[in-house]
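Breakdown of the fold
Below, each chain spelled out in residue letters.
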2 protein chains.
Amino acid sequence: MLTYNFKDKKKPLYLQAYEFIKSDILSGNLKSNEKLPSKRTFAENNGVSIITIQNAYDLLLSEGFVYSKPRSGYYVSKIQSLKPTEKHSGIKHPVDLPAKEDIDIDLSSNIINPYSFPFSIWAKLSRQIISNLERELMEVCPGNGTYELRSAISSHLSSFRGMSVSPDQIVIGAGTEYLYSLILQLLGFDKLYSTENPGYDKLSKIYSQYHTKCKYLDMDDNGISINALNHSKASVVHICPNHHFPTGITMPASRRYEILEWASRSNDRFIIEDDYDSEFRTNGKPIPTLFSMDQREKVIYINTFSKSLSPTIRISYMVLPCSLASQYYKKLSFYSCTVSNFEQYTLAAFIKQGYFEKHINRMRLYYSKQREELKEILINSSLQGHFNIIDNESGLHFLIKLDTSLSDKTVYTRLLKNKIKIAPLSQYFQTEDKSSDHYFIINYSNLDMKKMPEVCETIASLLFPSHED
Amino acid sequence: MLTYNFKDKKKPLYLQAYEFIKSDILSGNLKSNEKLPSKRTFAENNGVSIITIQNAYDLLLSEGFVYSKPRSGYYVSKIQSLKPTEKHSGIKHPVDLPAKEDIDIDLSSNIINPYSFPFSIWAKLSRQIISNLERELMEVCPGNGTYELRSAISSHLSSFRGMSVSPDQIVIGAGTEYLYSLILQLLGFDKLYSTENPGYDKLSKIYSQYHTKCKYLDMDDNGISINALNHSKASVVHICPNHHFPTGITMPASRRYEILEWASRSNDRFIIEDDYDSEFRTNGKPIPTLFSMDQREKVIYINTFSKSLSPTIRISYMVLPCSLASQYYKKLSFYSCTVSNFEQYTLAAFIKQGYFEKHINRMRLYYSKQREELKEILINSSLQGHFNIIDNESGLHFLIKLDTSLSDKTVYTRLLKNKIKIAPLSQYFQTEDKSSDHYFIINYSNLDMKKMPEVCETIASLLFPSHED
């Protein structure tokens, strides 16, 4: 006869009974197909009510620990009890977390200034949208995003980038990394992809996750080398023609036409044009996109609001040529959109009501001031005479070439020990290339300029100690 | 000598000059390496200022249409001009858009009632977060999400599902579909995946996009068949043990232990437990999750806020066993999180301040009322006598079995012609299975019950016309 000690004052009696029996089943004390005592006997034996046992048996039944035979009673189900292995002794292993860096000044970070975000306008628009668009907010949008946001982006591209695209060609996604996975599904995992060397290092990580081959192709002063591309056997080339990261090169029209010509030579060739920070071009009219130069439906245009608004608002988009857009609808539109309606409608209003343009203009001015201020500080510091600035007055970073015999790695680790992080250009090369030595990337988008004179002195004393005297 | 007609009153003169020359370069009127006239001559000849021509030449230079030789002048670059092919005659093909359905009553939609969303609380929390957390909102969060949301979910799982998990084991993502892609990358694309037949039909689409094999395994009354699983050679099984979609079956403990035992037999076997609507269980205590029964780090638990809050807020999460969590950090944490900080912090506050629990309780009551009301309407309609309801009082749908000799397809198309959409269970079978005929899924989460008596009469007259007399 089952006798248990119902001593837990906080737990309902039926739950205690349930747990006692369950534990006996799992431990093997109660064997498969063994009959449980009748509710009345069990209740009397343990000094609890029949309804308590009834509830416990019901729960065991609903969870499948016991089964019932009509007019006979309850029986123990066959339960395969798994004892924890020695390795899994019930004590959980701690999760191996990545190590954290201890940094005071991060010249490698392209994080934007948090206080530049238009919080009050964003809050106002969010509020308006929540009170005016209840139905729209709850309606599941197409896989490529709400019509409102796509049409807002389409107008923006028309006035800002001279691109004439229908909202139907636009696909919204939670970040460019996510959009890359859609592009891979659209164009095929088995194609050979190629990109710039040096270049955006996450790309190779993403492609390799999908076991897709990605070749890094050398650059010359005009961008990705057309010879390298012609000899590469690549089907797809991923480039940042308007402001290459990290070199800052703008691809001239001649190279653009060469690449379009390359793509035209086979049906399965495509160009991915990453226009990630074109909004912050400060010298002259922005260069027309490859997408708008293309007349053969070969270019996928991709852009993000990470730089122009905030990296913590996960909204990017791509523009597909019409033929690929049709394929997208056929093959991939079953995927739910990855951006919430709330933020899609807020961003659409932000663009349509002219706030986005104003914000970009304000930020362009801000970044150009940051850039000039930092150059001034560098020139007036003890670093003067030890560096050259390579700057095309665009985006959120420039390069400096340090006049040092120290290796890039030594510079990097010596500064890191002093909590200053700086990224060497050589880090962005996927192949070893000595010619890139001593170039470093300076991201100025979120630097506190008040601290920079002192930081420059620290760097000078660490890298050029003779000047200390 | 170049002579152009500067007649556009709206466009700056330098832009007009730029466009004239560019167009002559692209058309071949100006040949590669041809020298452009000097700025002075050009300006005088066209009656514009030298500064106008200077600006036009600068722009052409910066875009690479011309190059300059010191003390000589400007020359035309070599541009590969691509004439549009016949197929791409400059006229864009329209995008093939998917056809839209014309439906009045959708019994197949599991969209939740838009007005049930807690708009005012959500708006209040969003406002508070925007004004109090400026810095946090702009700080890029770890790939698996903000600590705040992960710890809120961890507490929720502890009190609501009896699961003891560290926030480090939780990965936030923009929808379960996105999380599946991470799981595929974590466990491998080359493994054989398996899931329930009938089952969630998007799964096979997603897996096939990645060229990953997915086998549908038969079910019995206890869920996925353990025999089928044992004979399948699958490494991973994807199941909804707590409320199977669409049959509504709850997997009993015996089968759960069998599946855990199956997984324990090889190092590369894993179980994906999809707990998508467990919040709406109305009969009794929710069944413990497979994740919490597992002692060998074999179960990945996955859940979403699509059902419990709104499908238009794209937030889902998965809980990894510690060993897989460590692998996640090593292999996949380079990916940026796909959910915006704004919504992560809002949802974290919504959970931590107890609003989520209240909302679920309210919705559970609402859905159970909807369910009972619809059953009542069905029973009192002319359909009475023609159907049986199969309902386990959980989730947002039940099944009806129609007493008809019409094929499922006939029922489906006949109703669709009358703008009523209903999904047959057989549609969710990946293999042909006649035993599933005449079962239909009734989603009641967003039905307007006032319309339902008439809808039932329409269905009765369409499917059982003899009762019209």
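Here we summarise the structure given alongside this text. (Residues numbered from 1 in each chain as written. Chains lettered and ligands numbered in written order. Predicted model: local features only at pLDDT ≥ 70, side-chain atom pairs only at ≥ 80, totals over all residues. Heavy atoms only, no water.)

**Comments concerning the relation of the copies chain A and chain B**
Rotating chain A by 180° about the axis while translating it 0.1 Å along that axis superimposes it on chain B, leaving an RMSD of 0.1 Å. Here the transformation between the copies is reduced to the relation of a two-fold axis. Most of the interface of chain A is mirrored in chain B, where 100% of its interface residues again form contacts. (Least-squares fit on C-alpha atoms with pLDDT ≥ 70 in both. Contact = heavy atoms within 4.5 Å.)

**Quick notes on the interface of chain A and chain B**
Taken together, the contact between chain A and chain B spans 90 residues of the former and 90 residues of the latter. A buried area of about 8,500 Å², summed over both sides, lies between chain A and chain B, and 63% of it is on carbon and sulfur atoms. The interface formed by chain A and chain B holds zero salt bridges in total. Among the elements that make up the side of chain A that touches chain B, the one with the highest residue count is helix α10 (residues 253–264) of chain A (seven residues). Among the residues making up the side of chain A that touches chain B, the classes are represented as 46 nonpolar, 22 polar and 22 charged. (Buried area = accessible area lost by both parts, 1.4 Å probe. Salt bridge = Lys/Arg side-chain N within 4 Å of Asp/Glu carboxyl O. Helix = DSSP H or I, 4+ residues; strand = E, 2+ residues; numbered from the N terminus. Nonpolar A, V, L, I, M, F, W, Y, C, P; charged D, E, K, R; others polar.)

**A closer look at unusual backbone geometry**
Here the residue pair N197 of chain A and P198 of chain A is connected by a cis peptide bond, since its omega of 5° sits within 30 degrees of zero. Within the element layout of this structure, P198 of chain A appears in the loop between β5 (193–197) and α8 (202–209). Put simply, F245 of chain B and P246 of chain B share a cis peptide bond, and its omega is 0°. Relative to the helices and strands, P246 of chain B is located in the loop between β8 (236–239) and α10 (253–264). Unusually for a residue other than glycine, H211 of chain A sits at a positive phi of about 55°. You can see H211 of chain A is positioned in the loop between α8 and β6 (214–220).

**Topic: the nonpolar core**
Soluble, globular proteins show a tendency: their nonpolar side chains are buried together. Counting residues in hydrophobic clusters, the biggest one holds 160 residues, and the most contacted among them are F65 and I271 of chain A together with I271 of chain B. In contact with I271 of chain A, not counting residues within four places along its chain, are V237, I239, I259, L260, W262, A263, L290, K298, V299 and I300 of chain A. Ranked by size, the runner-up nonpolar core spans 64 residues in total, among them Y180 and M318 of chain A together with L320 and L332 of chain B. (Core = buried A, V, L, I, M, F, W, Y, C linked by side-chain atoms within 4.5 Å. Buried < 20%, exposed > 50% of the residue type's maximum accessible area, 1.4 Å probe, protein only.)

**A closer look at the sheet that holds strand β15 (residues 423–424) of chain B**
Reading across the sheet, the four strands line up as β12-β13-β16-β15 (chain B) and stay open at both edges, with antiparallel pairing between neighbours. The sheet terminates laterally at β12 (387–390) and β15 of chain B, the two strands that pair on one side only. (Pairing = 2+ DSSP bridges.)

**Observations regarding the pattern of salt bridges**
All names here are of chain A. Tallied over the full model, the rule gives 28 salt bridges over all chains. Between K11 and E19 there is a salt bridge, with its nearest N and O atoms 2.9 Å apart. Judged by relative accessible area, which is 31%, K11 ranks as partly exposed. For D391, the salt bridge goes to R371, with nearest N and O atoms at 3.9 Å. Taken together, the residues span a long stretch of sequence, with D391 in the loop between β12 (387–390) and β13 (397–402) and R371 in helix α14 (residues 355–379) at a distance of 20 residues. On the basis of relative accessibility, which here comes to 21%, the residue D391 falls in the partly exposed class. Where salt bridges share partners, they join R371, E372, K375 and D391 into one cluster.

Functional significance is not addressed by these values, which are geometric in nature.
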